[in-house]
Protein chains: 4
Amino acid sequence: MEIGLIGLGKMGNNMRARLKKAGIGVVGYDTNPAVSDVADLAALAAALPAPRIVWVMVPAGKITDSVITELSNVLDEGDLIIDGGNSKWTEDFKHSELLSPKGIQFMDAGVSGGVWGLENGYGLMVGGTAEMVERAMPVFDALRPEGPRDEGFVHVGEVGAGHYAKMVHNGIEYGMMQAYAEGYELLDAKKDIIKDVTGTFKAWQRGTVVRSWLLELLVRALEADPEFDQIEGYVEDSGEGRWTLEEAIENAVPMPAISAAIFARFVSRQDDSPSMKAVAALRNQFGGHAVKELD
Amino acid sequence: MEIGLIGLGKMGNNMRARLKKAGIGVVGYDTNPAVSDVADLAALAAALPAPRIVWVMVPAGKITDSVITELSNVLDEGDLIIDGGNSKWTEDFKHSELLSPKGIQFMDAGVSGGVWGLENGYGLMVGGTAEMVERAMPVFDALRPEGPRDEGFVHVGEVGAGHYAKMVHNGIEYGMMQAYAEGYELLDAKKDIIKDVTGTFKAWQRGTVVRSWLLELLVRALEADPEFDQIEGYVEDSGEGRWTLEEAIENAVPMPAISAAIFARFVSRQDDSPSMKAVAALRNQFGGHAVKELD
Amino acid sequence: MEIGLIGLGKMGNNMRARLKKAGIGVVGYDTNPAVSDVADLAALAAALPAPRIVWVMVPAGKITDSVITELSNVLDEGDLIIDGGNSKWTEDFKHSELLSPKGIQFMDAGVSGGVWGLENGYGLMVGGTAEMVERAMPVFDALRPEGPRDEGFVHVGEVGAGHYAKMVHNGIEYGMMQAYAEGYELLDAKKDIIKDVTGTFKAWQRGTVVRSWLLELLVRALEADPEFDQIEGYVEDSGEGRWTLEEAIENAVPMPAISAAIFARFVSRQDDSPSMKAVAALRNQFGGHAVKELD
Amino acid sequence: MEIGLIGLGKMGNNMRARLKKAGIGVVGYDTNPAVSDVADLAALAAALPAPRIVWVMVPAGKITDSVITELSNVLDEGDLIIDGGNSKWTEDFKHSELLSPKGIQFMDAGVSGGVWGLENGYGLMVGGTAEMVERAMPVFDALRPEGPRDEGFVHVGEVGAGHYAKMVHNGIEYGMMQAYAEGYELLDAKKDIIKDVTGTFKAWQRGTVVRSWLLELLVRALEADPEFDQIEGYVEDSGEGRWTLEEAIENAVPMPAISAAIFARFVSRQDDSPSMKAVAALRNQFGGHAVKELD
């Protein structure tokens, strides 16, 4: 089997390696000619046997959009595009509608595992028809972790469902990280009692209720920098957390913990907090409480 | 009528003025001799006709504790102490038990109104017996706002109940301020749409559902410094908010909004967030997401 | 002056009364012929002197949309439509674009005050050009509360800004109500200490930091039904709260208290909580903790 | 080696089995004579070689308190008591002070793993002196999971530190469960998109960022009852979550996600919500919004 792979960054490059190791031929394209197998998408199409499978692994939004649009012009009826990036699930409908009149199939694949996927395999959540899933299964089997297929791969539903599941996966991930982080902050604040913060997290890796892969990563991070002296408490958020919260609002699903995780990230990026300025100003007004004045 | 008033700071001094205006004689004591009428508490006791009423208006905690302990040695059976400070309600039981064997009566009075109390009167929530309330009513009537007594004064229950009600009052106050502050931050973030943030708050003062005294204070603050350029988003918390939350936990009362307000204050006082460092470290571990490194 | 008023329900009917009291002629239209002055929108247009002002006061969404679309066919160049309903601010752009080619002006007006507006006047936040604002000012002056104009009326910005401000107003309102409600629940849970819950809220009406119009309404409600025995804890949400939260997400504004208020409403409407089922199932799995089994 | 084990319920009984399997003799005592090896604590003391080690595994609070008090009367200088229950960490100081004058040593051990501990071993977090830890190490090694000692056992600090770490562990656990639960609720609400909710969780078990032991348990639970039809969304909370939150408040540590998890449990146990009654009443007052009246 041979597939096209567009985007050879941190994720795409690792996926190429994993696919090749499983005996799947890969024609890779990247805007960086140094890592690209072909000059452009037309050359990629030409290099693949029809009917083609092309995996798109580029940043979500405009770039994914333009790649898929360009592919719609160089691929043929019967080809299959799989969007493995972090696209918003509603984008999948748009792309599916764009490709459908040309007879080009479209699937979405939520991919989890980060830089560890090369070694561990990638958790996969896909959306599309049963026929498409069957067709691309060798690719999924190459990318997913060892072990039973249904513990690292799921056909979630029609197109869009894979990214939807991945979106919720990331929302949960935000909540879990926030939970560990709050616990860390409390332990760290009680150093008079907790003489070994890193050792405590390390000891939670076996037997406890909170053991997880994220915990193992936290232990790695603490062992490398036990006081997080080298790290600023500044946290970006990719779109999935926000979209999860938007979906919660839309569907009247209470989401207090995951939203707390998202808001904590927003605050982490502020130099100063407008809302806390307002509260400080209010306290000063009614109580004459001193405010910290800026110079 | 004549009472003793201990603590002549921002609050106590205003209360003295309001009491005198109502024709109540005040013997004031403060550790600052420049504003004190008497040299010490013994002199205060000597200067008052028995049975005495003494209003304690000093910082909650150790100072209130030591003042009441000292009063227990200079007052006589039949005297009445009113703690008008922001004491924790459980302290009231302790003080009541200390004074009871000596026949000294004890009441607690939650006092709201801040620096505006001199002009507007103070909202009063008191705890004690009906007899004590009746005895001190001229004092309460002098301090409370104009208008019907039950719109600015309440006998909440036995000793401790006044401070309990004041504690919850402050918890609500935290939540309200947070609500205005979040709304402010959003309006402030949308200056492309909202051309007049101050004017918007100003226009909410009449007719709207959100009109309140706090809103009027926010308008005053915005008119003085429309961008809060002079104010740092750093907010202290006195004990009442925390105690309210502790009571919520103790009584299994969900308190998501008020707790959010308290946590926002905690964050506002941090130079950097340990929990957000942990989340940044985690993201770096699994995704290779860049962290902001500290120099 | 004479204006058209579409929608004579709870709000529209009161507004008609207030406008008439101020000497403004009103031609009212409602789908209910019993309260309507004219048979249809064409008749309404015919009954008004050109250039016309028409105030639309119908449910947001499809109904507002169809009324404005129909008006675009019966009004003429130079006429002015004011949408006073609770439309989403993004709808205003759509309506403005629909009307602009026909030379029909469009403004949005956020209106606060509920059923009390007839008596107290309505807080008004409007979006549009300065010229439109000036033209409609007699209408705004009739509807807004007594007192200085800028304490009950604001020209927030271009079209859409009025509904944006009203949306945030409602978000704040959600947060404030939640704060009072949490405080109420705690006081209510401590009846051994708090002997007079209603009296406590009543006493907060003067002098305190938490005094507000909402507090007065809460006192009215408690006086009518002190234990809320007649009321179920089931709370709908109109769109504004959700839109406020969506905007917070979009603009990276932390909104923990207002979101808590919205989530509490979501929970209030559930017969049982899927998420709490999941937590109960988890506890049962790891700890053998008994679950409450359904029959 | 031989130890005394007090409390032979779900946890204690499993621990006895695991200790025996490791070749450690166990003299067990329980109030239920059918499972007890000895008639009372005096008989337990008599049956053990001095200096003795006694592990207490009974419900936290009064029962632990009375067992330790009774042990203080039947044990001798040089004996060692280990409290393995879910005691509040501040209790440990009290017990240590009670035993110290008699020369009886005291350690606290936080134990995680639930009913799975028999098979998997128990995660252990202990507080005490290095000497005590060394002395009891064979017991810890028997109870902890296979693998490197420091991945299932930690000497956290002085007495109290073990229970402190366990308390925070449980707080984190609450937050993690809430995160999964919120994600579950959203997926469950979108069944039009998500055709296989159970399959989605199942597929997250390998390769993904959210994989964990709790996730595996959730999959087990979903496979047994995919719609949680047999489970009510009613969730108890043991003390540790509340204590974690109290400690956060005490130490000014923001804890929005873990607190959200705790509050969600509080709500889950209410027949109706007093706070939501208050909000419903308020909306009715200002907007004439219908309330759901109770019969």
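Residues numbered from 1 in each chain as written. Chains lettered and ligands numbered in written order. Predicted model: local features only at pLDDT ≥ 70, side-chain atom pairs only at ≥ 80, totals over all residues. Heavy atoms only, no water.

Looking up chain A in an unreviewed UniProt entry gives the name 6-phosphogluconate dehydrogenase, with the organism given as Herbiconiux flava. Its UniProt record gives chain A a comment under Sequence similarities (unreviewed entry), which states: "Belongs to the 6-phosphogluconate dehydrogenase family." (UniProt positions renumbered as here; feature names shortened; annotations may be inferred.)

Brief notes about the pairing of strand S4 (residues 80–83) of chain B
Taken residue by residue, a regular strand's side chains alternate between the two faces of the sheet. All names here are of chain B. Residues Leu80 and Ile82 point to one face of S4 and Ile81 and Asp83 to the other, with burial holding for every one of them. Judged from the four bridges that link them, strand S3 (residues 53–56) and S4 form a sheet pairing that is parallel. Bridged to Val54 within S4 is Ile81. In the classification by handedness, the crossover that spans S3, the intervening helix H3 (residues 62–74) and the parallel S4 is right-handed. Bridge count between S4 and strand S5 (residues 105–112): four bridges; the pairing is parallel. Counterpart to Leu80 in the pairing with S5 is Gln105. (Buried < 20%, exposed > 50% of the residue type's maximum accessible area, 1.4 Å probe, protein only. Helix = DSSP H or I, 4+ residues; strand = E, 2+ residues; numbered from the N terminus. Pairing = 2+ DSSP bridges. Right-handed = clockwise from strand over helix to strand, strands pointing away.)

Regarding the packing of aromatic side chains
Scanning all chains against the criterion turns up 36 aromatic pairs over all chains. Ring centres of B:Trp55 and B:Phe140 lie 6.2 Å apart, and the angle between their planes is 70°; this geometry places the pair in the edge-to-face category. Of the two residues, B:Trp55 is situated in strand S3 and B:Phe140 in helix H6 (residues 130–143); the sequence distance between them amounts to 85 residues. As far as burial versus exposure is concerned, B:Trp55 and B:Phe140 are alike and both buried. Three or more aromatic residues link up through ring pairs in this structure, and these residues are A:Tyr184, A:Phe201, A:Trp204 and A:Phe228. Taking the ring centre of B:Trp213 as reference, the NZ or CZ of C:Arg211 above it sits at 4.3 Å. Positioned over the ring face of D:Tyr174 is D:Arg265, at 3.7 Å from the centre of the ring. (Phe/Tyr/Trp six-rings, centres within 6.5 Å; stacked < 30°, edge-to-face > 60°. Lys NZ or Arg CZ within 6 Å of the ring centre and 35° of its normal.)

Section: the domain arrangement of chain A
All names here are of chain A. Parsing chain A into structural domains produces domain 1 (2–157) and domain 2 (167–287). Between the C-alpha centres of domain 1 and domain 2 there is a distance of 32 Å. Counting from both sides, the interface comprises nine residues of domain 1 and, opposite them, nine residues of domain 2. Of the roughly 740 Å² buried where domain 1 meets domain 2, counting both sides, 62% is carbon and sulfur surface. Sorting the residues of domain 1 by area buried against domain 2 places Lys88, Trp89 and Trp116 first, and these three jointly supply 60% of that buried surface. Between the two partners, domain 1 and domain 2, sit one salt bridge. Ionic pairing is found between Glu246 and Lys88, a salt bridge with its closest N-O pair at 3.3 Å. (Domains from an automatic or database assignment. Contact = heavy atoms within 4.5 Å. Buried area = accessible area lost by both parts, 1.4 Å probe. Salt bridge = Lys/Arg side-chain N within 4 Å of Asp/Glu carboxyl O.)

A look at the sheet that holds strand S3 (residues 53–56) of chain C
All names here are of chain C. With mixed pairing, seven strands are arranged side by side in an open sheet as S2-S1-S3-S4-S5-S6-S7. The outermost strands of the open sheet, each flanked by one partner alone, are strand S2 (25–29) and strand S7 (153–157). Here the average twist between neighbouring strands, direction ignored, is 25°. Note: strand S6 (residues 123–127) against S7, four bridges, orientation parallel. Bridge assignment links Gly127 to a residue of S7, and that residue is Gly157. Across the sheet, helix H1 (residues 10–21) touches strand S1 (2–6), S2, S3 and strand S5 (105–112), and the angle it forms with S2 is around 160°. (Axes fitted to C-alpha atoms, helices over the stretch in contact; angles between N-to-C directions.)

Here's the deal with the relation of the copies chain D and chain B
The two copies are related by a screw operation: chain D maps onto chain B through 180° of rotation and 0.0 Å of translation along the axis, at an RMSD of 0.0 Å. Those values place the two copies in the arrangement expected of a two-fold rotation axis. No C-alpha of chain D lies nearer the rotation axis than that of D:Glu246, which sits 3.2 Å from it. Taken as a fraction of all interface residues of chain D, those also at the interface in chain B reach 100%, which identifies the copy contact as same-surface. (Least-squares fit on C-alpha atoms with pLDDT ≥ 70 in both.)

Here's the deal with the interface of chain A and chain D
In this assembly, 70 residues from chain A lie in contact with 70 residues from chain D. Carbon and sulfur atoms supply 70% of the area buried between chain A and chain D, which totals about 6,000 Å² over both sides. Ranking the residues of chain A by area buried against chain D places A:Leu186, A:Arg206 and A:Val209 at the top, with a combined share of 12%. On the surface where chain A and chain D come into contact, there are six salt bridges. A:Arg206 serves as the salt-bridge partner of D:Glu151, at 2.7 Å between the closest nitrogen and oxygen.

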